[in-house]
Amino acid sequence: MNQPIAVRLYQGTAPEKAALESLCQQWDSREFWPVEEFYISLKIPHTFLLYAGQEDRWQGIVLGREMGGVAELFYIYVDPLFRKQQLGKRLLLAFRAKAWELYQAERAYLEVRPSNQGAIGLYEGMGWKRTGRRARYYANGEDALIYEWEPLNPTLIGTHL
Ligand SMILES: CC(C)(COP(=O)(O)OP(=O)(O)OC[C@H]1O[C@@H](n2cnc3c(N)ncnc32)[C@H](O)[C@@H]1OP(=O)(O)O)[C@@H](O)C(=O)NCCC(=O)NCCS
C-alpha cells in the first residue's frame with residue numbers, strides 16, 4: 001500500500017531551496033509565485049511554508065503568516081499531477097496544526113477570487129466560512145472573497161495532524 005505523502009515544515013535547507021526553485025520554474029507561472037516572492041515572504045517573522053513530499057521533491061505547498069493571533073493563508077498550491085487526491089485538504093490540516101503549534105493562532109483567514117471555484121470548494125468543504133468581500137481587490141478588477149477558519153486550537157476542534 002502507498003504511504004500517504006508527508007507534509008513538512010520548510011527549514012531552508014539546501015535540498016529544500018533547490019526543490020522550491022525548480023518547482024517555481026516548472027509549475028504554471030500563471031498560478032504559481034516566482035521564487036523571489038517566496039524568499040521575500042519567508043524573511044518576514046512568523047511566516048511559515050509547509051510542503052507535501054520529500055525534502056528534495058515537492059507535490060504541494062501552503063504559505064502562511066501569523067500576526068496578532070490570526071494566521072493568514074497566502075497561498076496553497078498542489079502540483080496539477082497530484083490534484084484531487086486530498087493533498088489540498090492535508091495541506092490545510094497541516095497549516096491549521098502548525099499555525100497553532102508554532103504561534104498559538106486562534107483563527108485563520110484568506111482571500112480568494114470568486115472565479116476560483118476549485119479553491120472555494122476546498123475551503124468550504126474544510127469548514128472555512130465566508131465573512132466578507134473586498135471590492136476590485138485584484139489587479140484585473142476582480143473582487144476578493146474573505147474566508148475565515150476557527151478554531152485552530154486542536155483541543156477545541158478535537159483533532160490535529
Ligand atoms: C485548489 C487546490 C489547492 C486544490 O488542491 P487538491 O489537492 O486538488 O484538493 P483536494 O484533492 O484536497 O480536494 C479536497 C476537496 O476540495 C474540493 N475541490 C478541490 N478541487 C476542486 C475543483 N477543481 N473543483 C471543485 N471542488 C474542488 C472538493 O470538495 C474536494 O473534495 P473531493 O475530492 O472529495 O471532491 C488546487 O486545485 C490548486 O493548487 N489550484 C491552483 C492554485 C490555487 O488556485 N490556489 C488557491 C488560491 S491561493
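Our structure is the block above this text.
Criteria and cut-off values
- Position numbers for residues start from 1 in each chain and track the written sequence from start to end.
- The predicted origin of the model limits local features to residues at a pLDDT of at least 70 and limits the giving and counting of side-chain atom pairs to 80 or more, whereas totals for whole chains, interfaces and linings rest on all residues.
- Hydrogen atoms and water are omitted, and side-chain values are computed over all heavy atoms in the structure.
- All axes here are fitted lines through C-alpha atoms, helices being fitted over the stretch that makes contact, and every angle between N-to-C directions spans 0 to 180 degrees.
- The way it works is that DSSP assigns letters per residue, a run of H or I at least four long becomes a helix, a run of E at least two long becomes a strand, and they are numbered from the N terminus.
- Orientation is classified from the angle alone, with under 35 degrees giving roughly parallel, over 145 giving roughly antiparallel, 65 to 115 giving roughly perpendicular, and any other angle giving oblique.
- The contact definition used throughout considers only heavy atoms, calling two residues in contact when any of these lie within 4.5 Å.
- Three classes are used: nonpolar for Ala, Val, Leu, Ile, Met, Phe, Trp, Tyr, Cys and Pro, charged for Asp, Glu, Lys and Arg, and polar for all others, with Gly counted as polar.
- The criterion for strand pairing is that DSSP finds at least two bridges linking the strands in question.

Asks: Please clarify how the packing of helix H1 (residues 14–26) against helix H2 (residues 35–42) should be interpreted in this entry.
Replies: The packing of two helices is summarised by the inter-axis angle and the distance between the axes. Two elements in contact, H1 and H2, have axes whose closest approach is 9 Å; the angle formed by their N-to-C orientations is 140°. One element, H1, and the other, H2, form an angle in the oblique class. Contacts between H1 and H2 involve Lys-17, Leu-20, Glu-21 and Cys-24 on the former and, on the latter, Val-35, Phe-38 and Tyr-39. The residue makeup of the contact of H1 with H2, split by class, is five nonpolar, no polar and two charged.

Asks: Whenever I open this one, the sheet that holds strand S6 (residues 129–134) confuses me. Can you help?
Replies: By definition, the strands of a sheet pair up through backbone hydrogen bonds, in either a parallel or an antiparallel sense. Across the sheet, which stays open at both edges, the seven strands sit in the order S1-S2-S3-S4-S5-S7-S6 with mixed pairing between neighbours. The open sheet has two edge strands, strand S1 (7–9) and S6, and neither has a second partner. Each strand of the sheet is rotated relative to its neighbour by a mean of 30°, with strand direction disregarded. Inspection of the sheet shows strand S3 (residues 57–67) paired to strand S4 (residues 70–78) by eight bridges, in the antiparallel sense. When the sheet's bridge partners are listed, Glu-66 is paired in S4 with Ala-71. Seen against the sheet, H1 touches S1, strand S2 (47–54) and S3 and runs at an angle of roughly 100° to S3. Packing against the sheet, helix H4 (residues 117–125) makes contact with S4, strand S5 (107–112) and strand S7 (144–149), and its axis sits at approximately 160° to S5.

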